[in-house]
Amino acid sequence: MRRLGIGFYLLLCPFALWLLLLIILPHLNMLEVSLNLRSYTTPKSYTFQNYLNFFEQPLYWNTFVRTAWMSILATLLTLLIAFPMAYYIAKLAKGRSKTLLLMACILPFWLSELVRTYGWMIILRESGLLSGLLRYFGIIENNIEFLYNDASIMLGLVYTAMLFMIVPLVSALESLDDSHIEAGYDLGGSHWNVLREIVIPHAMPGIVSGCIIVFMLSLGNYLTPNLIGGKDSLWFTEQIFTQFITRFNWEQGSAFGILLLLLSSLIVYLGLLLSGQTLSKTMGK
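Throughout this document, residue positions are counted from 1 along each chain, in the order its sequence is written. Reporting of local features is limited, given that this is a predicted model, to residues whose pLDDT is at least 70; pairs of side-chain atoms are given and counted only at 80 or more, and all residues count toward the totals for whole chains, interfaces and linings. To get the side-chain values, take all heavy atoms of the structure and skip hydrogens and water.

Defined as follows: UniProt positions are given in the numbering used here, feature names are shortened, and annotations may be inferred rather than shown by experiment.
For the protein chain, the name recorded in an unreviewed UniProt entry is ABC transporter permease, with Alginatibacterium sediminis as its organism. Looking at the protein chain in UniProt, the text filed under Sequence similarities (unreviewed entry) is "Belongs to the binding-protein-dependent transport system permease family. CysTW subfamily."

1. Here we look at the environment of G119
Selection rule: Elements are defined by DSSP. Helices are runs of H or I of four residues or more, strands are runs of E of two residues or more, and each kind is numbered from the N terminus.
Take G119: it is sitting in helix α5 (residues 113–124). Spatially, the C-alpha atom of G119 lies 24 Å from that of F236, the residues being 117 residues apart in sequence.

2. Quick look at the nonpolar core
What counts, and what does not: Remark: nonpolar core denotes a set of buried residues (Ala, Val, Leu, Ile, Met, Phe, Trp, Tyr, Cys) joined through side-chain atoms within 4.5 Å. Note on classification: 1.4 Å probe, protein chains only; a residue is buried when its accessible area is under 20% of the maximum for its type, exposed when over 50%, partly exposed between these limits. Contacts were defined at the residue level, with two residues in contact if any of their heavy atoms lie within 4.5 Å.
Of all hydrophobic cores here, the largest spans 54 residues; its most connected members are L169 and I207. Residue assignment for this core shows that the elements contributing at least two residues are α2 (49–56), α3 (58–92), α7 (150–174), α9 (191–219), α11 (236–246) and α12 (250–275). Not counting residues up to four positions away in its chain, the partners in contact with I207 are L79, F83, M165, L169 and I200. Listed in part, the 5 residues of the second largest apolar core include M121, L124, L227 and I228.

3. Some words on the UniProt feature "domain: ABC transmembrane type-1" (unreviewed entry) in the protein chain
Under the UniProt annotation, the feature "domain: ABC transmembrane type-1" (unreviewed entry) is placed at residues 64–271. Helix makes up 78% of residues 64–271 and strand 0%, with an end-to-end C-alpha separation of 19 Å.

4. A word on the packing of aromatic side chains
Here the distance between the centres and the angle between the planes together describe a pair of aromatic rings. Threshold: Any Phe, Tyr or Trp ring, taking Trp's six-membered ring, that has another such ring centre within 6.5 Å forms a pair; planes under 30 degrees apart are called stacked, those over 60 apart edge-to-face, and the others tilted.
Taken as a whole and judged by the stated rule, the model has 18 aromatic pairs. Arranged with centres 6.3 Å apart and planes meeting at 55°, the rings of F48 and Y51 form a pair that is tilted. Using a relative accessible area of 58% as the deciding quantity, one classes F48 as exposed. For Y51, a relative accessible area of 11% corresponds to the buried category. Geometrically, the ring pair formed by F54 and W61 is edge-to-face, given 5.7 Å between the ring centres and 70° between the ring planes.

This is the structure:
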């Protein structure tokens, strides 16, 4: 087994420091804060009351479940839309057209998420572009408010995460030898059989990788549900924001943050289990 030199460890130091100082230690501190009661007089004593408050309040629990379900649905919709796009880019598009298609996917993400979200608000609001076009063509008589509902939230989540699904899929599909697909057709396979038996199994690491990224982004998204969904969007990150910023209840907010971390880890683990993948396969090792 080849020994790793000092250069490897020197290169590893910045990443290890970043992981320790910005991820591990803050989460450990948040866990410690979540186990304290909000009190300015009594000394600190560890308790699970902040977690019990979560289960005792139907609003918190329902919002938690709703956020998980909507995030899973957004991930599945993103996969269904992104897969044919990624397949066309990876296997059918050639030369300049392939480059242009990739740039068309990447260019919108040169703008910040806030700007892109406001762009959708301009399109979907009651006096916006979509309502105006429908009135112009006589499809509707009065302006319609397309914002502040689950459909608009889903649209925003899918659009925000689309690139992070396309890139892993394109990377996985590009490594698929075209001769394997041709052999599938030569052996009498239909389009569905070739897709099910050859394309999807080969692209599975990219599918799982993209789903993990999109799910994490959707679950922890704050801007899109808050702006497009409005005050009644019932997204769990808004509950965390309210505890930290509005109520200054850092103990309860930390407990909510830990619960969100546990939820995301559990669903990712179940997704890997169901797909038969591992993190090492997903990361391309």
